[in-house]
Amino acid sequence: MLLRFWGTRGSLPAPLNDRAVRSKIRDALLAARGRLLDDSQAIDRFVHELPVSVGGTYGGDSSCVEIVGGDTYTICDLGSGAREFGNGVVAKHGPGKPQRFNVFLSHLHWDHIMGFPFFTPAYIPGNVIRIHGCHKVMREAFERQQSDPCFPVDFRALGATIEFVELEPGRTVEIDGLQVRPFLQNHAGDSYGYRFSKAGKSVVYSTDCEHKFEVLSELYPFVGFFGGADVLIFDAMYSLADQISMKEDWGHSSNITAVELAQLADVKHLVLYHHEPVYDDKMLETILAETRRYAEILRPQQQLTITSAYDGLEIAV
Amino acid sequence: MVLRPVGRINNDTSAAFQTRLSASVAAAGTAVLVDFSGVEYISSAGLRALMVASKQSKAAQGRLAVTSLTPVVKEIFDISRFSYVVQVFETPAEALAALG
């Protein structure tokens with residue numbers, strides 16, 4: 001399997017502004033002092049060495065992750081990142097060749113479905129889009145999002161064949177070459193995580209979940225859901241202090257919780273996801289370094305790779 | 001009142017830590033100082049216990065502060081941002097002076 005992250009921001013898209021770009025240019029120029037950058041290869045090497053906060057960005061699109069490995073296109077959530085994903089598919093195949101998509105929705109909050117009205121494949125007759133989830137009101141949410149006066153193109157006018165498929169939490173199903181098991185999560189109106197498996201490899205997509213255990217043990221159900229996963233994509237939106245004080249019951253978790261759960265569940269690769277839109281790239285980089293340090297403090301002998309997701313990230317599983 | 005927990009405050013010990021803390025902050029208007037000089041590690045369960053006690057203390061018009069964090073515990077306070085939600089003092093003398 002291969003994972004492609006098209007949108008990694010939580011709650012609301014957060015594009016870079018003028019001040020942020022200027023700050024990156026300034027930091028890059030400071031880092032270039034004393035370096036011999038007299039040809040394009042040297043410049044490319046230098047840019048490649050820069051941290052994401054200077055030479056790139058974590059990005060600003062909301063939740064959308066592609067899982068490559070099934071027989072069709074498979075994506076988790078339809079946040080604003082789905083726009084670029086859809087455009088990429090159309091650019092690759094052209095509009096005349098019908099494609100099939102399997103979508104798995106964590107839940108129906110706006111940041112997880114807002115990309116669909118801009119998902120070009122939905123407008124192309126012949127395409128088939130199957131939207132899977134555990135909420136009974138999926139169709140209603142999509143129709144309301146594209147109804148007057150909120151959006152000019154009615155959902156019923158879309159050219160693709162769009163189907164909604166309700167899944168049962170805890171029941172594993174095989175969908176176009178991938179085994180998929182949804183599980184219930186703690187979030188306002190409920191959310192659902194998914195465990196995808198194929199050929200002995202597994203990826204868990206678990207966003208918009210507030211973990212409220214008082215004591216963490218093997219009995220906590222998520223230890224089983226995440227158990228031995230090759231990759232765990234985890235909602236680490238807040239600091240622990242925020243999660244259990246001011247933002248308690250807002251439905252999200254922290255990097256500290258992420259590490260404790262991932263280590264207990266023997267996860268191999270933890271991906272911090274659903275970034276707080278208030279955080280800039282430097283803050284996200286700081287949080288990544290702190291999270292790696294916490295993992296080292298907690299269980300120094302345990303091998304756990306930790307990555308902070310960014311729009312454009314690819315992970316081979 | 002000064003509490004001096006020792007060892008690791010983790011999933012095995014956080015319940016006892018919680019019980020002692022809650023009993024200490026329950027009395028109206030009490031100032032409680034937790035001296036962490038003997039604590040090697042605190043997990044999220046321990047930090048939750050501290051947060052619960054902090055809320056209980058505020059509700060009882062009391063005060064709760066911590067002092068003498070060991071280097072690793074200080075790192076965990078910083079990483080978890082607990083330094084922003086619980087009063088942290090370098091030394092017991094500074095803490096006791098501030099708490100009155």
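Thresholds applied
- Residues numbered from 1 in each chain as written.
- Chains lettered and ligands numbered in written order.
- Predicted model: local features only at pLDDT ≥ 70, side-chain atom pairs only at ≥ 80, totals over all residues.
- Helix = DSSP H or I, 4+ residues; strand = E, 2+ residues; numbered from the N terminus.
- Rg over C-alpha atoms; globule rule 2.2 N^0.38 Å.
- Buried ≥ 20, exposed ≤ 12 C-beta atoms within 10 Å, placed from the backbone.
- Contact = placed C-beta atoms within 7 Å.
- Domains from an automatic or database assignment.
- Nonpolar A, V, L, I, M, F, W, Y, C, P; charged D, E, K, R; others polar.
- Core = buried A, V, L, I, M, F, W, Y, C linked by C-beta atoms within 7 Å.
- Pairing = 2+ DSSP bridges.
- Right-handed = clockwise from strand over helix to strand, strands pointing away.
- Axes fitted to C-alpha atoms, helices over the stretch in contact; angles between N-to-C directions.
- Left-handed = near helix turned anticlockwise from the far one by under 90°.
- Expected span 1.5 Å × (residues − 1).
- pLDDT = per-residue confidence, 0-100.

**Quick notes on the overall build of chain B**
When its secondary structure is counted, chain B shows four helices and six strands. Element order for chain B, N to C, with α for helix and β for strand: β-β-α-β-β-α-β-α-β-α. Against the compact-globule benchmark of 13 Å for 100 residues, chain B has a radius of gyration of 12 Å, which places it among compact chains. Viewed in the frame of its principal axes, chain B has a C-alpha envelope of about 30 × 25 × 20 Å. Taken across its 100 residues, chain B has 40% of its residues classed as buried. The contacts in chain B between residues at least 6 apart in sequence include a share of 81% that link residues at least 24 apart.

**Topic: the overall build of chain A**
When you go through chain A residue by residue, the secondary structure sums to nine helices and 14 strands. Relative to the 2.2 N^0.38 estimate, which gives 20 Å for 317 residues, the radius of gyration of chain A is 20 Å and therefore close to what a compact globule would have. By the burial criterion, 44% of the 317 residues in chain A qualify as buried.

**A closer look at the domain arrangement of chain A**
Residue and element names in this part refer to chain A. Partitioning chain A into structural domains gives domain 1 (2-14 + 57-316) and domain 2 (18-55). The distance between the C-alpha centroids of domain 1 and domain 2 comes to 32 Å. Of the residues lining the interface, seven residues belong to domain 1; the matching set on domain 2 comes to four residues. Of the residues assigned to the side of domain 1 that touches domain 2, the class counts are two nonpolar, one polar and four charged.

**Describing the interface of chain A and chain B**
Taken residue by residue, the interface counts 17 residues in chain A and 18 residues in chain B. Tallied by class, the residues present in the side of chain A that touches chain B amount to eight nonpolar, four polar and five charged.

**A word on the nonpolar core**
In terms of nonpolar packing, the biggest core is built from 102 residues, with Val 65, Phe 226, Leu 232 and Ile 233 of chain A touching the most fellow members. Every residue in contact with Ile 233 of chain A, bar those within four places of it in the chain, is listed here: Val 65, Val 204, Tyr 205, Ser 206, Thr 207, Val 271, Tyr 273 and Ala 309 of chain A.

**As for unusual backbone geometry**
Excluding glycine, a negative phi dihedral is what most residues carry, and trans is how most peptide bonds are arranged. All names here are of chain A. The linkage connecting Asp 148 with the following residue, Pro 149, adopts the cis geometry, with an omega of 5°. If you trace the backbone, Pro 149 turns up in the loop between helix 5 (138-145) and strand 6 (161-166). Unlike most non-glycine residues, Asp 176 shows phi in positive territory, near 45°. Its place among the elements puts Asp 176 in the loop between strand 7 (173-175) and strand 8 (178-185). On the basis of neighbour counts, which here come to 14 C-beta atoms within 10 Å, the residue Asp 176 falls in the partly exposed class.

**So, the pairing of strand 11 (residues 231-235) of chain A**
Residues and elements named next belong to chain A. Burial analysis of strand 11 places five of its five residues in the buried class, which makes it a mostly covered element. Burial along strand 11 is two-sided: the face carrying Val 231, Ile 233 and Asp 235 and the face carrying Leu 232 and Phe 234 are both buried. Direction of pairing for strand 10 (residues 201-206) relative to strand 11: parallel, over a ladder of four bridges. Each residue of the ladder has a partner; that of Ser 206, found in strand 11, is Phe 234. This β-α-β element, strand 10 to helix 6 (residues 221-226) to strand 11, shows right-handed connectivity. Relative to strand 12 (residues 269-273), strand 11 runs parallel, the two being bridged by four bridges. From the neighbouring strand, Asp 235 faces strand 12, where its bridge partner is Tyr 273.

**Overview of the sheet that holds strand 9 (residues 191-198) of chain A**
Residue and element names in this part refer to chain A. Taken together, the seven strands give an open sheet; going across it, the order is 7-8-9-10-11-12-13, and neighbouring strands pair in mixed fashion. Since the sheet does not close on itself, it has two edges, and those belong to strand 7 and strand 13 (305-308), each with one partner. Averaged over all pairs of adjacent strands, the angle between their axes in this sheet comes to 25°, without regard to strand direction. Running over the sheet, helix 8 (residues 255-264) touches strand 11 and strand 12 and is turned about 160° from strand 12. Sitting on the sheet, helix 9 (residues 281-298) touches strand 12 and strand 13, and the angle it makes with strand 13 is about 165°.

**A closer look at the packing of helix 9 of chain A against helix 3 (residues 71-80) of chain B**
Packing of helix 9 of chain A against helix 3 of chain B brings their axes to within 10 Å, and their N-to-C directions diverge by 140°. Handedness of the helix 9 of chain A/helix 3 of chain B crossing: left-handed. When helix 9 of chain A is examined against helix 3 of chain B, the residues Glu 290, Arg 293, Tyr 294 and Ile 297 of chain A are found in contact with a partner set consisting of Val 72, Glu 75, Ile 76 and Ile 79 of chain B. Taken together, the residues of the contact of helix 9 of chain A with helix 3 of chain B sort by class into five nonpolar, no polar and three charged.

**Brief notes about helix 2 (residues 44-59) of chain B**
Residue and element names in this part refer to chain B. In this model helix 2 runs 22 Å from its N-terminal to its C-terminal C-alpha over 16 residues, within 8% of the 22 Å that 1.5 Å per residue would give. Taken residue by residue, helix 2 has Ser 44, Ala 45, Gly 46, Leu 47, Arg 48, Ala 49, Leu 50, Met 51, Ala 53, Ser 54 and Ser 57 as its buried positions. Looking one or two residues beyond helix 2, the residue adopting positive phi is Gln 61, at roughly 55°.

**Here we look at the confidence of the model for chain B**
Residues and elements named next belong to chain B. Per-residue confidence for chain B gives a mean pLDDT of 93, with 100% of residues at or over 70. Within chain B, no element has a lower average pLDDT than helix 4 (residues 92-99), which sits at 92, and none a higher one than helix 3, at 97. Confidence estimates for the predicted assembly give a pTM of 0.95 and an ipTM of 0.93.

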